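Observations on chain architecture
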Amino acid sequence: ENLWWKYVDHETADYYREGKEFLERLGYVILSVTSDGFLGLPRVFEGIPFQMCQFHMKQIVVRNVTLNPKTEAGQVLLALAKTLTNTTQGEFDRRLREFHVKYINFLSEKTTHPDGSKSWTHEGARSAYMSFIHWREYLFTYLDHPGMPNTTNTCDGHFSHIKDIVRILS
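Below you will find a few notes about this structure. (Residues numbered from 1 in each chain as written. Predicted model: local features only at pLDDT ≥ 70, side-chain atom pairs only at ≥ 80, totals over all residues. Heavy atoms only, no water.)

1. Overview of helix H1 (residues 13-25)
To be explicit about the condition: Going along the chain from the N terminus, every DSSP run of H or I of four or more residues is numbered as a helix, and every run of E of two or more is numbered as a strand. The length a helix should cover is 1.5 Å for every residue beyond the first. Throughout this description, buried means an accessible area under 20% of the type-specific maximum (1.4 Å probe, protein chains only), exposed means over 50%, and partly exposed covers the range between. Arc definition: directions from the helix axis to the C-beta atoms. By definition, residues are in contact when any of their heavy atoms lie within 4.5 Å.
For H1, spanning 13 residues, the distance from its first C-alpha to its last is 18 Å, which sits close to the expected 18 Å at 1.5 Å a residue. Within the sequence span of H1, burial applies to Ala13, Gly19, Lys20 and Leu23. An end-on view of H1 places all buried positions within 125 degrees of arc, on one side of the element. Across from the buried face of H1, at angles greater than 90 degrees, the exposed residues are Asp14 and Arg25. Buried residues along H1 sit against helix H2 (41-44). Positive phi shows up at glycine 27, right after H1, with a value of about 100 degrees.

2. Some thoughts on unusual backbone geometry
Residues other than glycine seldom take positive phi values, yet threonine 66 does so here, at roughly 70 degrees. Along the chain, the position of threonine 66 falls in the loop between helix H3 (54-65) and helix H4 (72-82).

Spelled out as structure tokens, the structure:
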């Protein structure tokens, strides 16, 4: 059941804060938050158990390295993403450290362009790795909070219905 919603052109932390405060004024207590990866949310829900959706984390990795990575590093990152739902924080951290040791030089490579500017040579793999680093502490929160979902699947299903209605009315 959706308790609060607002149609917006784009996501901002302020909108989430507005919804949180609205629900709290009504007497609701937010027990946990499972998010699709909007960067400002951990701060908005500080002090509340926060879970990064494991499905969305996998999608972030796929978006950066594809489903058929050409590099070994990309293949390892994709494999790491695919194992999120059946591993622990400790095992994931160990694998991420091993990845770092083996591939940090690869991820640090830069390409110099004819105009003298530089960019990361393996930008996709680097972005996927940095996303893992950024969201690492929130990937397994659900294991310490029984009943907390590790994905936003139930919410996403409802929103797809709302998006269909908005498309029809537009």
